[in-house]
2 protein chains.
Amino acid sequence: MSGGTGWQDVRDEALRRIRARIWAPGDRIPDEAALAEELGCARATVNRALRDLAEAGLLERRRKGGTRVPLTPVRKATFSIAIIRQDIEARGQVPGYRVLGDRLEPAPEWLRSRMGDGPLRHVTALHTADGAGFCLEDRWLNPVLVEGVSFETLSANEWLVGNVSFAEGTLAFHAVSATLDLARALGCREGDALLALDRETRGEGPITWVRLVYAPGHRVQAAL
Amino acid sequence: MSGGTGWQDVRDEALRRIRARIWAPGDRIPDEAALAEELGCARATVNRALRDLAEAGLLERRRKGGTRVPLTPVRKATFSIAIIRQDIEARGQVPGYRVLGDRLEPAPEWLRSRMGDGPLRHVTALHTADGAGFCLEDRWLNPVLVEGVSFETLSANEWLVGNVSFAEGTLAFHAVSATLDLARALGCREGDALLALDRETRGEGPITWVRLVYAPGHRVQAAL
DNA sequence: GAGTGGTCTAGACCACACG
DNA sequence: GTGTGGTCTAGACCACTCG
């Protein structure tokens, strides 16, 4: 457009005013109707733009209270969770996969509150990139959902996304010290610091709990 | 409304169909106009709902190509980046802060491509929770932006959010092994595995590069 | 009570990508 | 070319909350 009345233009203008401190932290900014008139667009367009900034944490909006620039902005970062094989391919490496263990076991104590008291299917597997250890997967599965399924060639990760409906869950990063097993699998030394990612997935009941431990030096990047 | 034609209702119905595999991975779903008619709402309402799902990675939309359920969904996780002090307070602990070093230094080789060749202000500080080491901050600042500013009482983190305009940047998680200095500051043993977060911030030029190394056991949680 | 954002509608035009 | 999503508009009503 010529006049620049797209919602992205409105968002950019708002962003400019925030950055330039025309709208300073703590300030209440003009309401949607006023901005719409000033910028020559419909209120819905202003709404779209300001909602976008609010989702990013750069504005706080409340009915009746108006829209404010937060004093202590809580920015949100997002990162994509891809299938590990795709992750490796995206790095230009050749992915590999090998199952190390696959048994029905009693649920460990710490997992029972999340996945029930019954026995769980415990699968451990190694993902490789160009033949080298990339990531060790330690997974506990609800056995009912994966009855008779083999994970020898297709990783549990990929099988799940293709065969179990989308679900909710939680995810956490932390650091672990390489045990002897981890060190062997990932080709590092015992005690090395490794990045780990725990993920818990629920649908209409518990689905899986998994810990991925990455080879030394691995970084998980997010967009701000 | 009675019939329940809000965009969230449309989103929930779409989600139900995805989960129930009425719309299976790879399928193309009906276009907006058809869904609007079927569900008895305006096309804009359907658009809002499907756009929301697409942003979450549960649908793929392309002009002319229509909307599809992705074969390999790339879910997006988001986590909030708060000020460290608020982080500690949210855990019900008493935050503390102590500057360990604050000098102008030549930029290290690896940082020059990102922050220029000139000298940088190098600030190291320890954040504590209930008196115990919580997080060690190793920060390099564009000296022009923080000329004459003291970080003795207010952390650079907080000063920046309050005094430098919002900016873009990158963020990455990885694991580091505790050096002797880290071990002393965080009250752990040398070689312990620690979670680290690198953040780079740019505005109209480089602003800061910072590495936060957390005490052992720290987890960063994200919502899926 | 009243002001503000949240949302819906019906219609319109545009931009892109596929055949 | 043509179908699909992307967006804008003008108006309306609703829901939350602040005073």
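Predicted, not measured: the structure shown is a model, and the values here were computed from it.

A. Here's a closer look at helix α1 (residues 7–19) of chain A. All names here are of chain A. Helix length check: α1, at 13 residues, gives a terminal C-alpha distance of 18 Å against a target of 18 Å (1.5 Å per residue), a fit within 8%. Every buried residue of α1 is listed here: Val-10, Arg-11, Ala-14, Leu-15, Arg-17 and Ile-18. Considered in projection along α1, the buried side chains sweep an arc of 160 degrees and stay on one side of the axis. The inward-facing, buried residues of α1 contact α2 (32–39) and α3 (43–55). Note on α1: the residue one or two positions beyond its end, Arg-21, has a positive phi of about 60 degrees.

B. Focus on the interface of chain B and chain A. Across the contact, 50 residues belong to chain B and 50 residues belong to chain A. Buried area between chain B and chain A, summed over both chains or domains, comes out near 4,600 Å², and the portion from carbon and sulfur atoms is 55%. Our enumeration of links across chain B and chain A arrives at two salt bridges. Asp-198 of chain A is the salt-bridge partner of Arg-219 of chain B, the closest N and O atoms lying 3.2 Å from each other. Linking chain B to chain A there are 12 residue pairs in polar contact (both at pLDDT 80 or more). Elements that contribute at least two residues to the side of chain B that touches chain A include exactly α1 (7–19), α3 (43–55), β4 (75–81), α6 (156–163), β8 (168–177), β9 (193–203) and β11 (220–223) of chain B. Element by element, the count of residues in the side of chain B that touches chain A is highest for β8 of chain B, at 10 residues. Per-class residue counts for the side of chain B that touches chain A are 24 nonpolar, 14 polar and 12 charged. Here four bridges tie strand β11 (residues 220–223) of chain A to β8 of chain B, and the two strands are oriented antiparallel to one another. When the sheet's bridge partners are listed, Ala-223 of chain A is paired in β8 of chain B with Thr-170 of chain B.

C. How the structure looks around the protein's contact with DNA strand C. Taken together, 24 residues are adjacent to DNA strand C, and Arg-43 and Lys-64 of chain A together with Gly-6, Trp-7 and Thr-45 of chain B come closest. Counting only atoms of DNA strand C within 4 Å of the protein, the sugar-phosphate share comes to 70%. Residue Thr-67 of chain A places a side-chain N or O atom 3.4 Å away from a phosphate oxygen belonging to DNA strand C. Here a phosphate oxygen of DNA strand C and a side-chain polar atom of Arg-48 of chain B are 3.1 Å apart. Of all the secondary structure elements, the ones that give two or more residues to the surface near DNA strand C are α3, β2 (60–62) and β3 (66–68) of chain A together with α3 of chain B. Looking at which element gives the most residues to the surface near DNA strand C, the answer is α3 of chain B, with four residues. For the surface near DNA strand C, the per-class residue count stands at four nonpolar, seven polar and 13 charged.

D. Structural detail: the sheet that holds strand β3 (residues 66–68) of chain B. All names here are of chain B. Overall, antiparallel pairing links the three strands, which are arranged β1-β3-β2 in an open sheet. The open sheet terminates on both sides in strands that have one partner only, identified here as β1 (28–29) and β2 (60–62). Across three bridges, β2 lies against β3 in antiparallel orientation. If you follow Glu-60 over to β3, its bridge partner there is Arg-68.

E. Representation of the pattern of salt bridges within the structure. For the structure on display, the rule yields 34 salt bridges over all chains. Of the charged contacts, one joins Glu-13 of chain A and Arg-17 of chain A as a salt bridge, the two residues approaching to 2.7 Å between their closest N and O atoms. Here Glu-13 of chain A and its partner Arg-17 of chain A are both found in helix α1, four residues apart, which amounts to about one turn of the helix. Ionic pairing is found between Arg-43 of chain B and Glu-32 of chain B, a salt bridge with its closest N-O pair at 2.6 Å. Highlighted residues: Arg-43 of chain B in helix α3 and Glu-32 of chain B in helix α2 (residues 32–39), separated in sequence by 11 residues. Using a relative accessible area of 10% as the deciding quantity, one classes Glu-32 of chain B as buried. Overlapping salt bridges bring together Glu-13, Arg-16, Arg-17 and Glu-38 of chain A as one network.

F. A look at the relation of the copies chain B and chain A. When chain B is fitted to chain A, the best match, at an RMSD of 0.1 Å, comes from turning it 180 degrees and sliding it 0.0 Å along the axis. Accordingly, the operation relating the two chain copies is best matched by a two-fold axis. Most of the interface of chain B is mirrored in chain A, where 100% of its interface residues again form contacts.

G. Inspection of the environment of Gly-131 of chain B at higher detail. Examined against the element boundaries, Gly-131 of chain B turns out to sit in the loop between β6 (119–129) and β7 (132–141). C-alpha separation for the pair Gly-131 of chain B and Leu-35 of chain B, spaced 96 residues apart in sequence, amounts to 58 Å.

H. Representation of the sheet that holds β2 of chain A. Read across the open sheet, the three strands follow the order β1-β3-β2 (chain A); overall the sheet is antiparallel. Only two strands of the sheet have a single partner each, and these edge strands are β1 (28–29) and β2 of chain A.

I. Expanded view of the protein's contact with DNA strand D. The environment of DNA strand D is formed by 24 residues, the closest being Gly-6, Trp-7 and Thr-45 of chain A together with Arg-43 and Lys-64 of chain B. Among atoms of DNA strand D positioned within 4 Å of the protein, sugar and phosphate together represent 69%. Taking Glu-32 of chain B, its main chain carries an N or O atom lying 3.1 Å from a phosphate oxygen of DNA strand D. The contact in question runs from a phosphate oxygen of DNA strand D to an N or O atom on the side chain of Thr-67 of chain B, over 3.4 Å. Contributing elements (two or more residues each) for the surface near DNA strand D: α3 of chain A together with α3, β2 and β3 of chain B. It is α3 of chain A that provides the largest number of residues to the surface near DNA strand D, a total of four residues.

The rules behind the values
Residues numbered from 1 in each chain as written. Chains lettered and ligands numbered in written order. Predicted model: local features only at pLDDT ≥ 70, side-chain atom pairs only at ≥ 80, totals over all residues. Heavy atoms only, no water. Helix = DSSP H or I, 4+ residues; strand = E, 2+ residues; numbered from the N terminus. Expected span 1.5 Å × (residues − 1). Buried < 20%, exposed > 50% of the residue type's maximum accessible area, 1.4 Å probe, protein only. Arc of directions from axis to C-beta. Contact = heavy atoms within 4.5 Å. Buried area = accessible area lost by both parts, 1.4 Å probe. Salt bridge = Lys/Arg side-chain N within 4 Å of Asp/Glu carboxyl O. Polar contact = N/O pair within 3.5 Å; in protein donor to acceptor, adjacent residues only side chain to side chain. Nonpolar A, V, L, I, M, F, W, Y, C, P; charged D, E, K, R; others polar. Pairing = 2+ DSSP bridges. Near = heavy atom within 4 Å. Least-squares fit on C-alpha atoms with pLDDT ≥ 70 in both.

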